Amino acid sequence: MKKRIILSLLIASSLFADAEIDAIKEQLQQQKEATLVMSTKLSSLEQKNTNQSASFSQNAYLPDMALILNMSAVSRDVENSEYEKAAMPGFIDEGEMNFPFNKNRGFNLNYAEVAMHSVVDPYFEAFANFHLHPNEFEIGEAYVQTTSLPYSLRVKAGKFKSSFGRINKKHQHSWNFDSQPLIYKTLFGPDSISDAGVQLQWIAPTDTYIMFGIEAMQGTNGRSFGDDSKNNLYIAYLKSSIDIGDDLSVLGGLSYAHGKNTDRKPTDIYGVDLTLREQLGSYSSLIWQSEFLQRNKELTSQRDRQAGLYSELVYQYNNNYSFGARYDCITKNETDLSAYSGVDTDNLERYTAKIDYKPFPMSRLRLSYTYDRSKVIGGERKDINEVMLSLNIAAGAHGAHDY
Amino acid sequence: MKKILLLLLAFTTIVSAALRVETTYSTLGAITEEIGGDLVNVHVLGSSKYDPHFIVPKPSLLAKLRRADLLIMNGGGLELGWLPPLIRGANNANIQNGAKGFLDISHYIPMIDVPTSVSRGFGDVHAQGNPHYSTDPYMVPIIARAIMAKLLELDPDHEQRYHSNLEKFSYRWQKYLEKLDAKMKQCKDKKVVQYHELFNYFLKRYNYKSYGNIEPLPGIAPSSKHTIALINSIKKNKIKLILQDVYHEKRTAKFIASKTGAKVIVIPHDMGADGSKNLEEYYSNIAKKLCR
Ligand SMILES: [Zn+2]
């Protein structure tokens, strides 16, 4: 009996204790809520007081800015002094080759590029990139472009890279290979077609992508044009793309440039390009890209007919690795080759293979091997072997690249 | 003959009357279709089988954007790597940033995981907060309302129909959420790890806790050091679920599973990524896989 009483007492007391605890809990909860209300009130007040934005700050309107650094370590079986003298028969004579990138055995700092983009107003956006070479400052591009014209028209004006062909308008650091395709280098030099001028592009209102563009440029490029007594270069192109299924896309283009050369006679250049891209996954793809260019150049003493192509295959394995191979060559070289008598001027060609490693989307290490059979050095064909490791960094607000 | 011509004319005006809407992802596209009905013609730019951060900006997408009346994007930086060149290249004044036909849904979303400091030294972080909000079914009505407001602005003649579509959809979604919540109440195991912070909004909604990511930093491939640390954390915290998305490599997740006994479950990050055909199926599939 005693036991029972004690037990029931115990239970009762524990029940009582539970009720007491609940009450305390509730009190605590109420307190908590009160402090919460207080603290949110306080913090909202705090926010009001801390929003002391600078009265004349324009930080929000600063342009997007990026810094691109490109450098390399090169090993080559030709002395630097010899390499400088390299010629490409029919295109570039001894001493006339321009080597802005990767010229020296050993280390090269190719450039620091500052790229800027800004929306000017509801109708224009502006782009500029400045190339800083070790001994030289260059305005790579600086142009404005419309954003709001009707009928799918867009006008660009300033100094810009022409949209001729596939690779012309792309910057060196976004090429699949570090070296410029031979046919581009021989016809236009390292900057490709880049000039002051205006551009008009139009996209057709069709399900299939069809883009037509025309450009008027100064034509300062002396390799193919160069008569800049007035604006003498006109360019037109047509580009179209279709998707085959979800993963395969085909992009093709036809380009035409008409200008006047240093002999004040016409130069016509025709281009055909084709890019196939098969997407194998989010980070994996197979790209086959080829271009063919032909130049007809009238000179006072002769008519040159020259052509060449490149074809490259790039396998993007994953986020980090990509592998590529390229073949490029001169296919036609009807010009005055008398300065090269006794030298084999046929089969000017080059083979390149590369591996890219990107530890992070903004940085890229690239190891490439080039077997170059396109150069004449000191009056003799000289095949050049080159191994290069290059590093490219894009820091800051660097916009996504075009397709 | 005249009749046929008139009919043809009427037909073409009907066809052209529908607003051409491009959305960046499938979930946004499906919600737009719910609100717009046959007043809109919706096309999705980014296939849900791919990483939403890295959609390939194919030129064929330019042709789509060129004719769009409205572009609806997720925002929060998710499209930063692929959409700007497409908008620039489409030569369409309607859909420029700030134009009437441009809608950034993230402006309507209470974003979570907003970093206090941002540096690429921490990886490719989302500077504006976690943009993967569409994994949370509670965001759907917010998205729907934002889309309706935009459609009203572009096409005020059909105000009534957009309103009634939204009303019907909201009611249906309310009922669906009740069912989904009831199901999610039964889940016991609420500890997970994930590949990228894709599912934080869903996890937060249903009181799950994410103990880490397979990627050591956002956008950076797994490293062995980080993987070992994650394995230890999984063992220590007795975590049984590894959330894998459809597009990343699955080797690392499988390896971690083999070392810890945790289970790899593939969760769709967007409608259609797992073959789901509508919004309910999409969110139910997430719930079905996650809830145990
Ligand atoms: Zn993300």
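Residues numbered from 1 in each chain as written. Chains lettered and ligands numbered in written order. Predicted model: local features only at pLDDT ≥ 70, side-chain atom pairs only at ≥ 80, totals over all residues. Heavy atoms only, no water.

## Side note on the interface of chain A and chain B
If you look at the interface, chain A gives 41 residues, while chain B gives 34 residues. Buried surface at the junction of chain A and chain B, summed over both partners, amounts to about 3100 Å²; 52% is from carbon and sulfur atoms. Of all residues in chain A, the largest losses of buried area upon contact with chain B belong to A:S282, A:Y283 and A:F360, amounting jointly to 18% of the total for that side. Here chain A is connected to chain B by 15 residue pairs in polar contact (both at pLDDT 80 or more). In terms of residues, the side of chain A that touches chain B owes the most to one element, strand β6 (residues 194-203) of chain A, which gives three residues. Tallied by class, residues from the side of chain A that touches chain B come to 17 nonpolar, 16 polar and eight charged. (Contact = heavy atoms within 4.5 Å. Buried area = accessible area lost by both parts, 1.4 Å probe. Polar contact = N/O pair within 3.5 Å; in protein donor to acceptor, adjacent residues only side chain to side chain. Helix = DSSP H or I, 4+ residues; strand = E, 2+ residues; numbered from the N terminus. Nonpolar A, V, L, I, M, F, W, Y, C, P; charged D, E, K, R; others polar.)

## Remarks on the coordination of the zinc ion
All names here are of chain B. Here the zinc ion is held by the protein donor atoms H53 (NE2), H126 (NE2), H132 (NE2) and H196 (NE2), which lie 2.0 to 2.1 Å from it. Each donor residue of the zinc ion belongs to the same chain, and together they define the spacing H-x72-H-x5-H-x63-H. One end of the pair, H53, is in the loop between β2 (40-44) and α3 (59-66); the other, H126, is in the loop between β4 (102-104) and α5 (140-154), and 73 residues separate them in sequence. As far as the burial class goes, H53 and H126 line up, both buried. (Donors = N, O, S within 2.8 Å, 3.2 Å for Na, K, Ca; no water. Buried < 20%, exposed > 50% of the residue type's maximum accessible area, 1.4 Å probe, protein only.)

## As for the environment of B:G29
Residue and element names in this part refer to chain B. Inspection of the secondary structure puts G29 in helix α2 (residues 26-36). Looking at G29, the relative accessible area reads 3%, which means it is buried. Between the alpha carbons of G29 and L290 there is a distance of 24 Å; along the sequence they are 261 residues apart. Residues within four places of G29 in sequence aside, it is in contact with T23, V42 and V44.

## Quick word on the sheet that holds strand β1 (residues 19-23) of chain B
All names here are of chain B. Taking strand neighbours across the sheet as the criterion, the four strands line up as β2-β1-β3-β4 in an open arrangement whose pairing is parallel. Of all strands in the sheet, those with a lone pairing partner are β2 and β4, marking the two edges. The average angle at which neighbouring strand axes cross in this sheet is 20°, direction not considered. One ladder, built from three bridges, connects β1 with strand β3 (residues 70-73); its direction is parallel. Bridged to E22 within β3 is L71. Of the strands in this sheet, β1, β2 and β3 are in contact with α2, which crosses β2 at around 175°. (Pairing = 2+ DSSP bridges. Axes fitted to C-alpha atoms, helices over the stretch in contact; angles between N-to-C directions.)

## Considering the packing of aromatic side chains
The tally for this structure, following the rule as stated, stands at 20 aromatic pairs over all chains. Plain terms: the ring middles of A:Y143 and A:F160 are 6.3 Å apart, the flat faces sit at 75° to each other, and that makes the pair edge-to-face. Residue A:Y143 is located in strand β4 (residues 136-146), and its partner A:F160 is located in strand β5 (residues 153-161); the two are separated by 17 residues in the primary sequence. Both residues of the pair, A:Y143 and A:F160, belong to the buried class. Centre to centre, the rings of B:Y282 and B:Y283 are 4.6 Å apart; their planes meet at 45°, and the pair counts as tilted. With relative accessibility at 0%, the residue B:Y283 sits in the buried group. Three or more aromatic residues link up through ring pairs in this structure, and these residues are B:F169, B:W173, B:Y176, B:Y282 and B:Y283. If you follow A:K156 out to its NZ or CZ, it ends over the ring of A:Y143, 4.4 Å from the centre. The lysine or arginine in question, A:K354, covers the ring of A:F177, its NZ or CZ lying 5.4 Å from the ring centre. (Phe/Tyr/Trp six-rings, centres within 6.5 Å; stacked < 30°, edge-to-face > 60°. Lys NZ or Arg CZ within 6 Å of the ring centre and 35° of its normal.)

## Some details on the sheet that holds strand β8 (residues 263-266) of chain B
All names here are of chain B. Taken in spatial order, the four strands make up an open sheet running β6-β5-β7-β8, and their pairing is parallel. Each edge of the open sheet is held by one strand with a lone partner, namely β6 (209-213) and β8. Pairs of neighbouring strands in the sheet enclose a mean axial angle of 30°, with direction left out of account. In the sheet, strand β5 (residues 191-194) pairs with strand β7 (residues 241-244) via three bridges, with the strands oriented parallel. Directly across from Q194, in β7, lies its bridge partner L243. Lying over the sheet, helix α9 (residues 251-260) contacts β7 and β8, oriented at roughly 175° with respect to β7. With respect to the sheet, helix α10 (residues 279-290) is in contact with β5, β7 and β8, its orientation differing from that of β8 by roughly 175°.

## Quick notes on the packing of helix α8 (residues 224-236) of chain B against α9(B)
All names here are of chain B. Taken N-terminus to C-terminus, the directions of α8 and α9 make an angle of 45°; their axes are 10 Å apart at the nearest point. Taken together, the axes of α8 and α9 are oblique relative to one another. Here the hand of the crossing between α8 and α9 comes out right-handed. Listed contacts from α9 to T227, L230, I231, I234 and K235 of α8 are T252, F255, I256, K259 and T260. Grouping the constituent residues of the contact of α8 with α9 by class yields five nonpolar, three polar and two charged. (Parallel < 35°, antiparallel > 145°, perpendicular 65-115°, else oblique. Left-handed = near helix turned anticlockwise from the far one by under 90°.)

## Brief notes about the domain arrangement of chain B
Residue and element names in this part refer to chain B. What the domain assignment reports for chain B is domain 1 (2-177) and domain 2 (187-290). Relative placement of domain 1 and domain 2: their C-alpha centres are 27 Å apart. Each side of the interface is counted separately: domain 1 has 36 residues, and domain 2 has 27 residues. For the pair domain 1 and domain 2, the summed buried surface comes to about 2600 Å²; carbon and sulfur atoms form 58% of the total. Looking at the side of domain 1 facing domain 2, the largest losses of area belong to S48, T135 and Y176, adding up to 23% of the total buried there. Applying the counting criterion to the domain 1 and domain 2 interface returns two salt bridges. The shortest N-O distance in the salt bridge between R172 and E280 comes to 2.8 Å. Across the contact surface, domain 1 and domain 2 share 17 residue pairs in polar contact (both at pLDDT 80 or more). Secondary-structure elements contributing two or more residues to the side of domain 1 that touches domain 2 are α2 and α6 (159-185). Residues belonging to the side of domain 1 that touches domain 2 are distributed by class as follows: 18 nonpolar, eleven polar and seven charged. (Domains from an automatic or database assignment. Salt bridge = Lys/Arg side-chain N within 4 Å of Asp/Glu carboxyl O.)

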